[in-house]
Amino acid sequence: MQPDPIFTDWNEQHSKLWGNVPVRLSHNLHRSPLFSMDGLAHLIEQYPREHYSLVQMGAPGQRKLWREGEIGGLSGAEVIEAIAQGRMWLNLRRVAEVDSRYGELITRIFGELQERLPGFEASHETIGILISSPNAQVYYHCDLPGQALWQIHGSKRVFIYPPTRPFLAPEHLEDIALYQVEVNMPYEPWYDAHAQCFEFNPGEMLSWPLNAPHRIENRDCLNVSMTMEYWTDESRRAQVVNMANGILRHRFGHPARSRATRGVGFLAKRVAQKLLRDQATFRRQREAMRPITFRLDQQNLGEIVDLHAA
């Protein structure tokens, strides 16, 4: 066990529950200089364009709005202030590739997980940093790899839903695998009666079962969270099936019934999806679903400039 563990309240029950139900744990990363506002401002200024997403979303209770944009010429501190004054979130993806200190953090986190979870083996572990506006929301969606969310600054509510019908169907997973857009899943307000709702504050972490749908509502304050994702043998095999079945349905009009992750059928799907997933048709469709339509307004922080009108 490390002398200064990141998880501060882990017990034997958590080891038994991990991956089976939502689990809330305590951590100490909200006190780390890696996540100070000055440190985050500096990180934003060196961030490669291909590694971040800036998203404007609609207000709670209004029609669904999802637009992607770019930072423009703002300083890191101005970007944070623009987010604090607006309704948007900035996702700094694959942060360990930009700053090696976060790579060391990944090593520590997953080292602790392996100590506490017998047989736990993960690969392609990544973390990201999510900076989001007061009262911002993340729409109902699910993710394909294993996930955990770490709260650093601010507070929010997190709703986690069962990873079963009617909340989640195989077609949703297939579309996400194929087009890499998670937020197009159907949602009905009555789903909330079947969700677990967590009030989420600095120093807390949430994990949930693979593919469990979830949505997020920020409280009236700037939020900073750390996202974590990883792949296991189970999730990698499921991803092969999701991709292959999605190609069969969209390209050939043949809905696949089997979701088996072993056997001859699975092996055939693994070969087929590897050959077809990067075809130009699918690449163009993915790009068309995520156009860049605005940039932050340098003169009026919190406002945006439509690129087609600039």
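Everything discussed here concerns the structure shown above.
Residues numbered from 1 in each chain as written. Predicted model: local features only at pLDDT ≥ 70, side-chain atom pairs only at ≥ 80, totals over all residues. Heavy atoms only, no water.

The number of helices and strands found in the chain is eight helices and 14 strands. Within the chain, the proportion of its 310 residues that are buried is 49%. Within the chain, residue pairs in contact and separated by at least 24 positions form 82% of the contacts whose partners lie at least 6 positions apart. Looking at the chain as shown, the accessible area adds up to about 15000 Å², and 49% of this sits on carbon and sulfur atoms. (Helix = DSSP H or I, 4+ residues; strand = E, 2+ residues; numbered from the N terminus. Buried < 20%, exposed > 50% of the residue type's maximum accessible area, 1.4 Å probe, protein only. Contact = heavy atoms within 4.5 Å. Areas by Shrake-Rupley, 256 points an atom, 1.4 Å probe, with all protein chains shown as cover.)

Summed over the entire model, instances satisfying the criterion amount to 13 salt bridges. Glu204 is the partner of Arg24 in a salt bridge, and the nearest nitrogen-oxygen pair spans 3.8 Å. Of this pair, Arg24 sits in strand S1 (residues 23–26) while Glu204 is found in strand S10 (residues 204–207), placing the two residues 180 residues apart along the sequence. For the salt bridge of Asp233 with Arg236, the shortest nitrogen-to-oxygen distance reads 3.9 Å. Of this pair, Asp233 and Arg236 both sit in helix H6 (residues 233–252), separated by three residues, roughly a single helical turn. Via salt bridges that share partners, Arg157, Asp192, Arg215 and Glu217 belong to a single interconnected network. (Salt bridge = Lys/Arg side-chain N within 4 Å of Asp/Glu carboxyl O.)

Let us look at the nonpolar core. What tends to happen in soluble globular proteins is that the nonpolar side chains get buried as a cluster. By size, the foremost hydrophobic cluster in this structure holds 49 residues, and its most contacted members are Ile109, Leu113, Ile129 and Trp150. Once you skip the residues sitting within four places of it in the chain, Leu113 turns out to touch Phe7, Trp10, Trp18, Phe120 and Met228. (Core = buried A, V, L, I, M, F, W, Y, C linked by side-chain atoms within 4.5 Å.)

Right, let's get into helix H3 (residues 76–85). Every buried residue of H3 is listed here: Gly76, Val79, Ile80, Ala82 and Ile83. What you see down the axis of H3 is that its buried residues fit within an arc of 160 degrees, all on one side. (Arc of directions from axis to C-beta.)

As a further point, take the sheet that holds strand S3 (residues 66–70). The ten strands lie next to each other as S1-S10-S7-S12-S5-S4-S2-S3-S13-S14, forming an open sheet whose pairing is mixed. Looking along the sheet, the strands with just one partner apiece sit at the ends: S1 and strand S14 (304–306). For this sheet the average axis-to-axis angle between neighbouring strands, irrespective of direction, equals 30 degrees. Relative to S14, strand S13 (residues 292–296) is paired through three bridges, and the arrangement is antiparallel. By the bridge assignment, Leu296 is partnered in S14 with Ile304. (Pairing = 2+ DSSP bridges. Axes fitted to C-alpha atoms, helices over the stretch in contact; angles between N-to-C directions.)

Here we have four strands laid out as an open sheet, ordered S6-S11-S8-S9, and antiparallel in their pairing. Looking along the sheet, the strands with just one partner apiece sit at the ends: strand S6 (137–141) and strand S9 (196–200). Here the average twist between neighbouring strands, direction ignored, is 15 degrees. Where strand S8 (residues 156–160) and strand S11 (residues 214–218) come together, five bridges link them in antiparallel fashion. Bridge pairing links Lys156 to Asn218 in S11.

Let us look at the packing of aromatic side chains. All chains considered together, the criterion is met by 18 aromatic pairs. Judged by centre distance (6.3 Å) and plane angle (45 degrees), the ring pair of Trp66 and Tyr139 falls under tilted. With Trp66 in strand S3 and Tyr139 in strand S6, this residue pair connects regions lying 73 residues apart in the sequence. Between Phe110 and Phe120, the ring centres sit 6.4 Å apart and the planes meet at 15 degrees, which makes this aromatic pair stacked. (Phe/Tyr/Trp six-rings, centres within 6.5 Å; stacked < 30°, edge-to-face > 60°.)

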